[in-house]
Amino acid sequence: MLLSLLASAVLLSVGDVTVKESLIRLYDSTTGDEWSDRTNWKTNASVCQWFGVTCENNTVTELNLASNNLVGQLPVMNLSSVHLIDLSLNRLSGSIICSTFTDELRVLRLSSNSLTGSIPDCISRSTLLCEIEFDSNSLEGQIPNAITSLQRLRKLSITWDSLSGTLPEKMGNMTLLQYVYLGSNQISGSLPDLSSLTTLSHLWLDNNKLSGTIPSSLTKVAQLSELVLHDNLFVGAIPEFQLSQLQKCDLGGGFSCPLRAGYCPEGCTCIATCEESHCKFGQDCSLDYFEPVFISSILVVVVMVGLMYRRAVAAQENASLDVHNTPSQNQLPDRLKAGRWRVDVEKWTVDVQIVRKDDHRKAEVD
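Notes on the structure follow.

About the cut-offs
Residues numbered from 1 in each chain as written. Predicted model: local features only at pLDDT ≥ 70, side-chain atom pairs only at ≥ 80, totals over all residues. Heavy atoms only, no water. Helix = DSSP H or I, 4+ residues; strand = E, 2+ residues; numbered from the N terminus. Buried < 20%, exposed > 50% of the residue type's maximum accessible area, 1.4 Å probe, protein only. Contact = heavy atoms within 4.5 Å. Areas by Shrake-Rupley, 256 points an atom, 1.4 Å probe, with all protein chains shown as cover. Phe/Tyr/Trp six-rings, centres within 6.5 Å; stacked < 30°, edge-to-face > 60°. Disulfide = S-S within 2.5 Å. Polar contact = N/O pair within 3.5 Å; in protein donor to acceptor, adjacent residues only side chain to side chain. Salt bridge = Lys/Arg side-chain N within 4 Å of Asp/Glu carboxyl O. Pairing = 2+ DSSP bridges.

**Some remarks on the overall build of the chain**
Then step 1. A count of helices and strands for the chain gives 2 helices and 23 strands.
Then step 2. With 366 residues in all, the chain has 41% of them scored as buried.
Then step 3. Sequence-distant contacts, at least 24 apart, represent 32% of the contacts inside the chain between residues at least 6 apart.
Then step 4. Accessible surface, the chain as shown: approximately 19,300 Å² in total, 50% of it carbon and sulfur.

So, in structure tokens, the structure goes:
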């Protein structure tokens, strides 16, 4: 019995040293002396008392050093018991190394650094991963197909990087995905079938090079509440979205017109570009469906021309037209001279040019 206890103590000691050595490597590799907070690091205090380290039952389970001025490259570490690693908002460089992906890792946040290279296939080692955030780095290459083996993944966020290639063909097999943010990259190709992602809520693929048509399979994603696909190369008709929970739907331009009504529920902020006119998503691009501001402009011009004609006639009779002569400030003559005039009609102000044609006066609106 005593020998068994001693053996367990030795194993725990070795494990503790391994974790401590790994943390010291991280400290030394990322200019730890210049960290914003380095409380208890590289001291005789238990690693569980080091800033950013969380333990459960004397085992390190979380490492959170976000926004702590880490500068340098990630070293090889053995943090096999860690569930969460958050090193975002620092100045880390180099590539993402495979030793980061352990069996117990659930959350990995490396956003807002200067990481380069591609996402390694060894990411598939961390089969318990449920959240990945690699935003705002300089990662390149294709999203590895190995990522589709992460069947517990709920959030995939890799925006503002330089990813290229196509989306993983089997992305639709990641059935627990809820949030996918892959905007502002250089991802190309067509959208894969995502109809089996029954829990998908947010799909942001904006500012890429995706092409082809928007697949009708997206209309079957029942929990979809935000769909953002603008600034891609999509063409063709937009499929009919009859999803009551869809609250944000930004598809951008390049689609065939006219657009049929009923694609988005009431209150959905859907916008599409129809040639040079901006029409509301789900509406025809005929004159009747132009933006209200454009319709108002046409009506205002028509009303103004009519009023200006009436006032011009009145001016000839009693010179009572409310105008300001822009070329000069001379008094109005008995009859309206040719020239440029600024006419105030109600709250509207327009420029009018009076031209002589066969001894008649004609008002033209600029």
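**Focus on the packing of aromatic side chains**
Then step 1. What the rule picks out here adds up to 6 aromatic pairs.
Then step 2. The interplanar angle of 15 degrees and the centroid separation of 6.5 Å between the aromatic rings of Y179 and Y181 together place this pair among those described as stacked.
Then step 3. Through a chain of ring-to-ring contacts, three or more aromatic side chains come together here, namely Y27, W35, W41 and W50.

**Considerations on the state of the cysteines**
Then step 1. Tallied over the full model, the rule gives 2 disulfides.
Then step 2. Between the sulfur of C48 and that of C55 lies a disulfide, 2.1 Å long from S to S. Residues C48 and C55 are joined by a disulfide whose S-S torsion is about -95 degrees; by sign, that bridge is left-handed.
Then step 3. For C48, a relative accessible area of 23% puts it in the partly exposed group.
Then step 4. Bridging C98 to C122, the disulfide has an S-S length of 2.0 Å. Negative torsions about the S-S bond denote left-handed disulfides, and the value of about -90 degrees found for C98 with C122 makes this one left-handed. You can see C98 sitting in the loop between strand 5 (91-93) and strand 6 (107-109) and its partner C122 sitting in the loop between strand 6 and strand 7 (131-133), a full 24 residues away along the chain.

**Some points on the side chain of E131**
Then step 1. Inspection of the secondary structure assignment puts E131 in strand 7.
Then step 2. E131 sits in the buried class, given a relative accessible area of 14%.
Then step 3. Side chain to side chain, E131 and R109 meet in a polar contact 2.8 Å long.
Then step 4. Apart from residues no more than four positions distant in its own chain, E131 is found in contact with R106, V107, L108, R109, L153 and K155.

**Quick look at the pattern of salt bridges**
Then step 1. According to the stated counting rule, one finds 5 salt bridges in the structure shown.
Then step 2. For D86, the salt bridge identified is with R109, shortest N-O distance 3.6 Å. Separated by 23 residues along the polypeptide, D86 in strand 4 (residues 84-86) and R109 in strand 6 bring together distant segments of the chain.
Then step 3. With relative accessibility at 7%, the residue D86 sits in the buried group.
Then step 4. What makes R109 partly exposed here is its relative accessible area of 22%.
Then step 5. For the salt bridge of R109 with E131, the shortest nitrogen-to-oxygen distance reads 2.8 Å. Here the residue R109 occupies a position in strand 6, and E131 occupies one in strand 7, the gap between them amounting to 22 residues.
Then step 6. Put simply, D86, R109 and E131 are held in one network by salt bridges that share partners.

**Topic: the pairing of strand 14 (residues 209-212)**
Then step 1. Direction of pairing for strand 12 (residues 188-189) relative to strand 14: parallel, over a ladder of 2 bridges. Counted as the bridge partner of S188 is K209 from strand 14.
Then step 2. By the bridge criterion, 2 bridges tie strand 14 to strand 16 (residues 233-234) in an arrangement that is parallel. In the sheet register, G212 faces strand 16, and the bridge partner there is F234.

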